[in-house]
Amino acid sequence: KNAFTDSLLFRLVDNNSKLKSSFGKEVFENYVYDLFNNRSEYEKVEKSPPFNKGEEISDVLISNRGRTVFIECKTTFPRAGIRIFSEKHEQMEYESYIKNILQVYKSMKKYCKKGLSSIESCYGVVVNLYDNYIRRSEIYRRIREIDTTLTDEELAFIENHIKCLDVYWIERLCTYSE
């Protein structure tokens, strides 16, 4: 059942960035928001909260017991080149993950700069519709190559505070976890 629906979704949005974007914004982001919002444990769950002059800080923002979690939803699909071990496509996947992690980190810094929280109490999650199973340790190792301005402390923070998960793990967290 999953293989059929995954394959169908991939074919529907393949080469149609407008439909893929619309699916991500209207369906996937709302689904992830609902998963967290339906839990009573969190003090506050916001979907795309406005931040500064209409700018959104995160797709979902969770506040609980002095901690803030920034959730960025991505409707990523593994590239076919990954299945045949194409180095070019593998590099593209790493760059995509790194770009998403850095997007979350920059959102956290903007949020904290306004005095809304301390950076040490912020966490980030990049929720992918599908996981391509590339090595996480390699993603974090390559971040320095993409953004050479980051200090060692910032890189350690990113590695410890921002994670990439597929939606399955979010579903498990929100439906089976106490």
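Residues numbered from 1 in each chain as written. Predicted model: local features only at pLDDT ≥ 70, side-chain atom pairs only at ≥ 80, totals over all residues. Heavy atoms only, no water.

Novice: Got a minute to help me understand the environment of Arg135 in this structure?
Specialist: Mapping Arg135 onto the fold places it in the loop between strand E6 (122-128) and helix H5 (136-146). According to the relative accessible area criterion, Arg135 is exposed, its value standing at 53%. As a C-alpha pair, Arg135 and Tyr94 span 41 residues in sequence and 9.0 Å in three-dimensional space. (Helix = DSSP H or I, 4+ residues; strand = E, 2+ residues; numbered from the N terminus. Buried < 20%, exposed > 50% of the residue type's maximum accessible area, 1.4 Å probe, protein only.)

Novice: Explanation requested: the confidence of the model for the protein chain in the structure shown.
Specialist: The predicted structure's coordinates, where accompanied by low pLDDT, should not be read in detail. Overall, the predicted model of the protein chain reaches an average pLDDT of 86, with 90% of residues at or above 70. The weakest mean pLDDT in the protein chain belongs to helix H3 (residues 80-83) at 52; the strongest belongs to helix H6 (residues 152-161) at 96. (pLDDT = per-residue confidence, 0-100.)

Novice: I'm lost on the pattern of salt bridges in this one. Help?
Specialist: Opposite charge on two side chains makes pairing possible when the charged atoms of those side chains draw close. Following the criterion strictly, the structure yields 13 salt bridges and no others. Glu154 is paired through a salt bridge with Lys109; the nearest N and O atoms lie 3.5 Å apart. On the criterion of sequence distance, the pair formed by Glu154 in helix H6 and Lys109 in helix H4 (residues 87-113) is long-range, its members being 45 residues apart. The class for Glu154 is buried, based on a relative accessible area of 17%. Residues participating in the shared-partner salt-bridge network are Arg135, Glu138, Arg141, Arg142 and Glu145. (Salt bridge = Lys/Arg side-chain N within 4 Å of Asp/Glu carboxyl O.)

Novice: So what exactly am I meant to see when it comes to the sheet that holds strand E7 (residues 162-166) here?
Specialist: Neighbouring strands of a sheet are bound in pairs by backbone hydrogen bonds; such pairs are parallel or else antiparallel. In spatial order, the strands read E1-E4-E5-E6-E7; together these five strands make up an open sheet with mixed pairing. On the outer flanks of this sheet lie strand E1 (44-47) and E7, each paired with one strand and no other. For this sheet, the mean angle separating the axes of adjacent strands, direction not counted, is 20°. Against the sheet, helix H7 (residues 167-176) makes contact with E6 and E7, and its axis sits at roughly 95° relative to E7, the strand it touches most. (Pairing = 2+ DSSP bridges. Axes fitted to C-alpha atoms, helices over the stretch in contact; angles between N-to-C directions. Contact = heavy atoms within 4.5 Å.)

Novice: Looking at this structure, how should I read unusual backbone geometry?
Specialist: Note: most peptide bonds trans; most residues except glycine with negative phi. If you check the backbone angles, Ser48 has positive phi at about 45° while not being a glycine. Along the chain, Ser48 falls in the loop between E1 and strand E2 (50-52). Residue Ser48 is classed as buried on the basis of its relative accessible area of 12%. Even without glycine at this site, Arg65 takes up a positive phi of about 50°. Mapped onto the elements, Arg65 comes out in the loop between strand E4 (60-64) and strand E5 (67-74).

Novice: What am I meant to see in the packing of H4 against H6 here?
Specialist: Between two packed helices, the angle of one axis relative to the other and the distance separating the axes together describe the packing. Put simply, H4 and H6 touch, their axes get as near as 11 Å, and they point 110° apart. Comparing the axis directions of H4 and H6 gives the class roughly perpendicular. Listed contacts from H6 to Ile101, Leu102, Tyr105, Met108 and Lys109 of H4 are Glu154, Phe157 and Ile158. (Parallel < 35°, antiparallel > 145°, perpendicular 65-115°, else oblique.)

Novice: I would appreciate a short explanation of the packing of H5 against H6 in the present structure.
Specialist: Two elements in contact, H5 and H6, have axes separated by 10 Å at closest approach and are oriented at 145°. For the pair H5 and H6, the sense of crossing is right-handed. Packed against H5, whose contacting residues are Tyr140, Ile143 and Arg144, the element H6 presents Asp152, Leu155, Ile158 and Glu159 at the interface. Looking at side-chain class alone, the contact of H5 with H6 contains four nonpolar, no polar and three charged residues. (Left-handed = near helix turned anticlockwise from the far one by under 90°. Nonpolar A, V, L, I, M, F, W, Y, C, P; charged D, E, K, R; others polar.)

Novice: Looking at this structure, I do not really get the nonpolar core. What am I missing?
Specialist: Note on soluble globular proteins: their nonpolar side chains tend to be buried together. Membership of the largest hydrophobic core comes to 26 residues, with the highest contact counts inside it found for Phe70, Ile101, Ile143 and Ile158. Residue assignment for this core shows that the elements contributing at least two residues are H4, E6, H5, H6 and E7. Of all the elements, H4 adds the most residues to this core, at ten residues. When residues no more than four places from it in sequence are discounted, the contact partners of Ile158 are Ile101, Leu102, Tyr105, Tyr140, Ile143 and Leu150. Grouped together as the second largest cluster of nonpolar side chains are 20 residues, Phe23, Tyr33, Phe36 and Ile71 included. (Core = buried A, V, L, I, M, F, W, Y, C linked by side-chain atoms within 4.5 Å.)

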